[in-house]
Amino acid sequence: MQWWHAAKFGMFIHWGLYSTLERHEWVMENEGIPVSEYERLAPRFKPAPNAARAWARLAKSAGMKYMVMTTKHHEGFCNFDSKLTDYCAPRQGPGRDLVREYVEAARAEGLRFGFYYSLMDWHHPDGARCKTDEAARRRFVDYIHGQVKELMTNYGKVDILWYDVAWPLDARGWESVEMNTMVRKLQPDIIINNRSKIPEDFDTPEQRIEASVNRPWESCMTLNDSWGYHAADTNWKSPTTVIRNLITCARDGGNYLLNIGPKPDGSIPEESVRILTTVGECLSKNDAAIRESDHCQPRRGNYLSFTRKGNTLYAHVHYWPGETVVIGNLLNRVTSVKMFATNTPVKFKQDDFRVRLTGLPKKAPQLVTTFALECDGEPKQDHEGKRAVKPRAGIYKSG
């Protein structure tokens, strides 16, 4: 897990037949499209060769250290070469193994990579009846285990296996222990998530940041409101929001897996490129203050968030207040302050209730500006405790 904890930031990629309809990755289910009708999308899915190279370059420039791509989503179409079905990229519209192109692209940029694989399958005839029919369950579980074995066998060393949606079976029905034992025999160094109904290596809060207690965790989120490409979804997160989310995950010891949904041809939506390019430019100046961080107790400010390394508190200002930045209710004595990106000393004043960084420019030096505060011990913040002892004076009269 060491590399994964150090990585902090990864790229999720949702891409499949649903991209051709441009209406979200759950379009088959949500619009009630019959299997026979949906299958006709497969010959139309004709992405440009090696589209994944642009994904990997963007991930690297954004400061991401690993990638996770959908090998099979709930629709059942396989982006990899499977001997267990003809409903796969090499024998349909693409005419080639899209997962292999992705693996080669990630390796070319020096990125770790993983495979997303949906256990749920809307296309397979036993995908629903396996719940109540033992013969169907046996056939379907053998199919799923067989495909997982293909993924673990045909692409060299794989870093992450990211299961999704175990409906309609439980861990016993999926034979998850046996499946993951097989996975670890084939890939001894692999990291497995918690969505095969057993805990395995890490938790996966979705569309929210929620730290697990005494467990590795990774928050997965979309850049807009859709995982797969949705042409009408323009509710994009700002670069500032992306960086704040990354800081929040790092502060509590977690990772941030941020999704892109490529277009049918494999190209990345222009807004995704703009956002992640801006994020990368900012992180290039402040990367170590986020990535090389320990669990951090200070967490509250009106316009800033925190990480720390040892006794150094990093204050990340995302809404610039002007010539003075104030941090309230620290319990430590601050010995020095510097602007992290430039190592420039910053003047400061401290009393019992606040630290004021003074003499700053009126306009923000960066999209997110980071200060390094050296403290006399591990940084701690106590708003409630300080509030209880703060002197009070007023114009109120008794009686």
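Quick note: structure is the one above.
Please read all numbers here as calculations on a predicted model, not as lab measurements.

### Observations concerning the sheet that holds strand β14 (residues 354–358)
Strand order in the open sheet formed by three strands is β10-β14-β13, and the pairing between neighbours is antiparallel. Among the strands making up the open sheet, the edge pair consists of β10 (325–328) and β13 (347–350). Averaged over all pairs of adjacent strands, the angle between their axes in this sheet comes to 15°, without regard to strand direction. Taken together, the four bridges between β10 and β14 define a ladder with antiparallel strand orientation. Directly across from Ile-327, in β14, lies its bridge partner Val-355.

### Focus on helix α6 (residues 98–108)
Turning to α6, its buried residues are Leu-98, Val-99, Glu-101, Tyr-102, Val-103, Ala-105 and Ala-106. On the buried face of α6, the contacting elements are β1 (9–13), α5 (52–61), β2 (66–72) and β3 (112–118). Two to three positions downstream of the cap, the backbone nitrogen of Val-99 sits 3.0 Å from a side-chain oxygen, assigning the N-cap of α6 to Asp-97. Positive phi shows up at Gly-110, right after α6, with a value of about 70°.

### A look at the side chain of Asp-203
Residue position: Asp-203 is located in the loop between β5 (191–192) and β6 (218–222). Of the polar contacts made by the side chain of Asp-203, one reaches the side chain of Ser-212; its length is 2.7 Å. Those residues in contact with Asp-203 that lie beyond four places of it in its chain are Asn-194, Ser-212, Arg-215, Pro-216, Trp-217 and Glu-218.

### Structural notes on the sheet that holds β6
The sheet built from seven strands is open, its strands ordered β5-β4-β3-β2-β1-β7-β6 with parallel pairing. The two strands at the open ends of the sheet, each matched to only one other strand, are β5 and β6. Pairing analysis gives five bridges linking β3 to strand β4 (residues 160–164), with the strands arranged parallel. Residue pairing in the sheet places Tyr-117 in a bridge with Tyr-163 of β4. Contacting β1, β2 and β3, α6 runs over the sheet at an angle of about 155° to β3. Most of the contacts of helix α11 (residues 270–291) go to β1, to which it runs at about 155°, and overall it touches β1 and β7 (255–260).

About the criteria used
- Residues numbered from 1 in each chain as written.
- Predicted model: local features only at pLDDT ≥ 70, side-chain atom pairs only at ≥ 80, totals over all residues.
- Heavy atoms only, no water.
- Pairing = 2+ DSSP bridges.
- Helix = DSSP H or I, 4+ residues; strand = E, 2+ residues; numbered from the N terminus.
- Axes fitted to C-alpha atoms, helices over the stretch in contact; angles between N-to-C directions.
- Buried < 20%, exposed > 50% of the residue type's maximum accessible area, 1.4 Å probe, protein only.
- Contact = heavy atoms within 4.5 Å.
- Polar contact = N/O pair within 3.5 Å; in protein donor to acceptor, adjacent residues only side chain to side chain.

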